Amino acid sequence: MKIVAIVALVIPVFGAVVSAARPTPSGATEYLADAQLLIRQRDFRGARVELLNVIKDHPQSTDALIAQAVVSIELLDGVTAESSLEKALTLGTRPSAVAHLLGHARWLQGDLDGAEAALQDPDIAGVDLGYANRIFGRVHMDKGDFAAALASFQAAVQQAPKDSQVWTDFARLRFASADQKGAIEATDFALKLDAGNVRALEFRGRLMRSQFGLVAALPWFERGLQISPDDIPLLEEYALTLGEAGRYRDMLKQLRRIVAIDGRNPKAFYMQAVLAARAGHYELAKRILLRAGDSFNELPAPLLLDGIIEFELGNYNRSVDRLARLLGAQPRNRRVRALLSQAMYRAGNPLDALDTIREIAARGDADSYSLMTTARAFEASDQQQRSYGPLDEAAAANVRRSIPLPDPVTLTQASEDVRRAPGDARVVVPFIRLLLLNNDVEFASVEANRLQSANPGVADAHVLVGDVAMAQNDAAQAVIAYRKAREISFTQPVMLRLVDAFVRAGDDKAAGVTLSEYLAYNPTDLTALRLAGYRNLDGRQFQTAIVLLERVRSRIGYNDGILLANLARAHAGTGKIDKATEIAAIAYRIAPANIMVTRIYADILKQSGKRPKAARELAAKVVAQQQR
């Protein structure tokens, strides 16, 4: 139900209910009308001021108190909303008349049990049942009971089939259930019912960001801000997306707008800290992040940022503390595991680093960063011979498509979970990944195809069918499956799989087009930039390779030997031997035990003709490394 419609009910309907016990003062009527006009214009802060004036002069006006609660809910201020409703109840308002609003206010505060108690009022009016069940659905979602949430949203749809907000929140459930296509359809229907629903526009932007990429999402947030320029959630999503797309000045402009509206907004300070960190100003980033507040900084994203900041400031033990706490909450997070391992290595604990990184480094999809960390940790713990394998693996100039780390459950446990919920993609997807991990490709194929048939709107269902096809060396079938996944969600993992499948199917042109289309919507994606750079390097498009790889280097600095070695190759390809020699030397200082880096440095020195002895010694070292 739209907020305007709610307020329209608040004034005449709730007013009639309350007036029998306590008539609305005549002097408040004009202010209430002014507030309602501001609400229609989506100026909720202006409406709040008008209502505060009413309540100041007429503290016993239940109509004004209920209207204030509605406006506070729209401003995501559950505390004020609940306080206003409690005052209205004290003044004689029937509990069933505001139970749906009270449940909403408590849910906003995270009081799920209190919200559930309010929403279970048996006397809620029929006109409010759709609203009540919508919030009940959100409560069930937060409790992790998706079956109960589905029942609540289905009831809400029956009770209020033309309520745009019901369909918006129903879309959230579908997305949380991995049904991206269903979420898109529900959100589009919500916007068909009400093109001015800013919550639907915000969520559609988030879906578009997942479906196509960052740049594609921006118009949806901009459309919402045209309707409600001071909407904080919209501004937050818009600023975040601008930053991820590399438009840092525009991001900062939006963050300043947020702070001007809400001077204590922790997300605004967090995103400003991200900007400072990306610019290399880590001391400044630390100071800004502290302004976000202790409770906010315990959330995963700011905790990760804090760990990175401490690492870059050289405070490795502090970095270990932050990242270890985060890994404890997210044990399957590959990135956090890799960063923690590196921090442990730098803190002088190579054995702890090895123990942490082992789960990634032992996998076939281990990234070069994790492999290099493993090799250095072996060297630092006097296990030189064991460092050779990871070094050799890390030498290849490619980009591996990573598969999520499997949950620490046995196949038997996972099978039992699937038996209890055979249609739940959130349960079946990890089970199929475990089957693939255990090389049970035949059974994985049966389960993946069954999942795909039952869940055509779930991108992961198509991805798994493609993964099975790749395990069976059927790249053509994998392409078909990955294309279906791409139509729903064109994320980095889908892009990497599709590019790989095209290459293995012999369609290198399609692989290049796919990568280019992904970069058009995600111009700052480091993995995609690196992959595009390597592809252009292999295709002897040296200048293009330089541009792409320099964009990666400008973000991560001079600390990736493999990247720098390939950048040196590209410069050598354009005839800039001196520049190539300079970069290759840096790469060799970073990774002197890496065969590929050593070979490239030797080749470039030979081309320069300036240090023939050094070139010969490096070439001999490569031969020795190959024979070990």
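All values reported here derive from a predicted model rather than from experimental measurement.

Trainee: How should I be thinking about the overall build of the protein chain in this particular structure?
Mentor: Each helix and strand counted, the protein chain has 36 helices and zero strands in total. For the protein chain, contacts bridging at least 24 residues in sequence account for 55% of all contacts bridging at least 6. As displayed, the protein chain offers around 28,000 Å² of accessible surface, 51% of which is attributable to carbon and sulfur atoms.

Trainee: For this particular structure, what's the right way to read unusual backbone geometry?
Mentor: With the exception of glycine, the majority of residues adopt a negative phi angle, and the majority of peptide bonds are in the trans configuration. Positive phi, close to 60°, is recorded for Arg 42, a residue that is not glycine. Along the chain, the position of Arg 42 falls in the loop between helix 2 (28-40) and helix 3 (44-57). Judged by relative accessible area, which is 16%, Arg 42 ranks as buried.

Trainee: In this structure, what is going on with the environment of Ile 288? I would like to understand it.
Mentor: Checked against the element boundaries, Ile 288 lands in helix 17 (residues 282-290). Of the residues examined, Ile 288 reaches a relative accessible area of 14% and is grouped as buried. Each C-alpha atom, one on Ile 288 and one on Pro 266, is 10.0 Å from the other, the two residues being 22 residues apart in sequence. Each residue touching Ile 288, except ones within four places of it in the same chain, is listed here: Phe 269, Gln 272, Ala 273 and Ala 276.

Trainee: Is there a simple way to explain helix 26 (residues 441-454) in this structure?
Mentor: Each α-helix turn comprises 3.6 residues. Residues three or four places apart therefore point the same way. Between its first and last C-alpha atoms helix 26 spans 20 Å; for 14 residues at 1.5 Å apiece the expected length is 20 Å, and the two agree. Buried residues of helix 26: Ala 444, Ser 445, Glu 447, Ala 448, Leu 451 and Gln 452, and no others. Against helix 24 (411-420), helix 25 (425-437), helix 27 (459-471) and helix 28 (475-488) lie the buried residues of helix 26.

Trainee: Looking at this structure, how should I read a nonpolar patch on the surface?
Mentor: A cluster of nonpolar side chains, namely Phe 212, Val 215 and Tyr 521, defines an oily patch on the protein surface of about 220 Å² accessible area. Turning to its location among the elements, Phe 212 is positioned in the loop between helix 12 (198-211) and helix 13 (214-227).

Trainee: For this particular structure, what's the right way to read the packing of helix 18 (residues 300-312) against helix 20 (residues 334-346)?
Mentor: Angle between the axes and distance between the axes are the two parameters that describe a pair of packed helices. Packing of helix 18 against helix 20 leaves a shortest axis separation of 11 Å and a crossing angle of 30°. In terms of orientation, helix 18 lies roughly parallel with respect to helix 20. Of the two possible hands of crossing, helix 18 and helix 20 adopt the one that is left-handed. Across from Leu 304, Ile 308 and Phe 311 in helix 18, the residues of helix 20 making contact are Arg 335, Val 336, Leu 339, Gln 342, Ala 343 and Arg 346. The residue inventory of the contact of helix 18 with helix 20, partitioned by class, reads six nonpolar, one polar and two charged.

Trainee: Please clarify how the pattern of salt bridges should be interpreted in this entry.
Mentor: Where charged atoms of side chains with opposite charge meet at close range, the side chains can pair. The full count for this structure, using the stated rule, is 34 salt bridges. The partner of Arg 42 in a salt bridge is Glu 74, with the nearest N and O atoms 2.9 Å apart. Here Glu 74 lies in helix 4 (residues 62-74) and Arg 42 lies in the loop between helix 2 and helix 3, a separation of 32 residues in the sequence. Each member of the pair, Arg 42 as well as Glu 74, carries the same accessibility label: buried. Salt-bridge contacts for Arg 530 lead to Asp 560; the nearest nitrogen and oxygen are separated by 3.1 Å. Of this pair, Arg 530 sits in helix 31 (residues 526-538) while Asp 560 is found in the loop between helix 32 (542-556) and helix 33 (561-573), placing the two residues 30 residues apart along the sequence. With relative accessibility at 16%, the residue Asp 560 sits in the buried group. Residues participating in the shared-partner salt-bridge network are Lys 286, Glu 298, Asp 306, Glu 310, Asp 321, Arg 322 and Arg 325.

Trainee: Sorry, what's going on with the environment of Val 468 here?
Mentor: Here Val 468 is to be found in helix 27. With relative accessibility at 2%, the residue Val 468 sits in the buried group.

Trainee: Can you walk me through the confidence of the model for the protein chain in this structure?
Mentor: In low-pLDDT regions, the fine details of the predicted coordinates are not to be read closely. On average, residues of the protein chain score 87 in pLDDT, and 87% of them reach the 70 mark or higher. This model gives residues 1-23 a pLDDT under 50, and the stretch forms 49 contacts once residues within four places in sequence are excluded.

Trainee: So what exactly am I meant to see when it comes to the nonpolar core here?
Mentor: A general trend in soluble globular proteins is that nonpolar side chains are found buried together. Of all hydrophobic cores here, the largest spans 55 residues; its most connected members are Tyr 482, Met 495, Leu 515, Val 597, Tyr 601 and Ile 604. Of all hydrophobic cores here, the second largest spans 54 residues; its members include Val 166, Leu 191, Leu 218 and Ala 273.

Trainee: In this structure, what is going on with the side chain of Thr 187? I would like to understand it.
Mentor: The residue Thr 187 is located in helix 11 (residues 180-193) in this model. When sequence neighbours within four positions are dropped, the list of residues in contact with Thr 187 reads Ala 171, Ala 200, Phe 203, Arg 204 and Leu 207.

Trainee: Hey, could you run me through the packing of aromatic side chains in this one?
Mentor: Two numbers describe a pair of aromatic rings. These are the distance of the centres and the angle of the planes. The full count for this structure, using the stated rule, is ten aromatic pairs. Ring geometry for Phe 153 against Phe 170: centres 5.7 Å apart, planes inclined by 15°, an arrangement best described as stacked. A residue pair is termed long-range when its members are at least 10 positions apart, and Phe 153 in helix 9 (residues 146-159) and Phe 170 in helix 10 (residues 164-176) qualify at 17 residues. This pair shows no difference in class: Phe 153 is buried, exactly as Phe 170 is. Seen from their ring centres, Phe 212 and Tyr 521 are 6.2 Å apart, and the 40° between their planes marks the pair as tilted.

Trainee: Please explain the packing of helix 14 (residues 232-244) against helix 16 (residues 266-278) as it appears in this structure.
Mentor: Remark: helix 14 packs on helix 16, axes separated minimally by 11 Å, with the N-to-C direction vectors making an angle of 10°. Classified by the angle their axes make, helix 14 and helix 16 are roughly parallel. Across from Glu 236, Ala 239, Leu 240, Gly 243 and Glu 244 in helix 14, the residues of helix 16 making contact are Lys 267, Met 271 and Arg 278. For the contact of helix 14 with helix 16, the residue count by class is three nonpolar, one polar and four charged.

Trainee: Which parts of the structure should I look at to understand helix 8 (residues 126-143)?
Mentor: When the terminal C-alpha atoms of helix 8 are compared, their 26 Å separation across 18 residues agrees well with the 26 Å that a helix rising 1.5 Å per residue should span. Counted residue by residue, helix 8 has 13 buried out of 18 residues, so it is predominantly covered. At the C-terminal side of helix 8, Gly 144 shows a positive phi close to 85°.

Trainee: I would appreciate a short explanation of the side chain of His 104 in the present structure.
Mentor: Relative to the helices and strands, His 104 resides in helix 6 (residues 95-108). Within polar-contact distance, the side chain of His 104 engages the side chain of Tyr 131 at 2.6 Å. If near-sequence neighbours (up to four positions away) are discounted, His 104 is found in contact with Ile 73, Tyr 131, Arg 134 and Ile 135.

Trainee: Any chance you could explain the environment of Val 597 here in plain terms?
Mentor: One can find Val 597 in helix 35 (residues 595-608). Judged by its relative accessible area of 1%, Val 597 falls in the buried class. Separated by 36 residues in sequence, Val 597 and Gly 561 place their C-alpha atoms 6.9 Å apart. Apart from the residues lying within four places of it in its own chain, the contact partners of Val 597 are Gly 561, Ile 562, Ala 565, Ala 587, Tyr 588 and Ala 591.

What counts and what doesn't
- Residues numbered from 1 in each chain as written.
- Predicted model: local features only at pLDDT ≥ 70, side-chain atom pairs only at ≥ 80, totals over all residues.
- Heavy atoms only, no water.
- Helix = DSSP H or I, 4+ residues; strand = E, 2+ residues; numbered from the N terminus.
- Contact = heavy atoms within 4.5 Å.
- Areas by Shrake-Rupley, 256 points an atom, 1.4 Å probe, with all protein chains shown as cover.
- Buried < 20%, exposed > 50% of the residue type's maximum accessible area, 1.4 Å probe, protein only.
- Expected span 1.5 Å × (residues − 1).
- Patch = residues over 30% accessible without salt bridge, like charges linked within 9 Å, V, L, I, M, F, W, Y side chains within 5 Å.
- Salt bridge = Lys/Arg side-chain N within 4 Å of Asp/Glu carboxyl O.
- Axes fitted to C-alpha atoms, helices over the stretch in contact; angles between N-to-C directions.
- Parallel < 35°, antiparallel > 145°, perpendicular 65-115°, else oblique.
- Left-handed = near helix turned anticlockwise from the far one by under 90°.
- Nonpolar A, V, L, I, M, F, W, Y, C, P; charged D, E, K, R; others polar.
- pLDDT = per-residue confidence, 0-100.
- Core = buried A, V, L, I, M, F, W, Y, C linked by side-chain atoms within 4.5 Å.
- Phe/Tyr/Trp six-rings, centres within 6.5 Å; stacked < 30°, edge-to-face > 60°.
- Polar contact = N/O pair within 3.5 Å; in protein donor to acceptor, adjacent residues only side chain to side chain.

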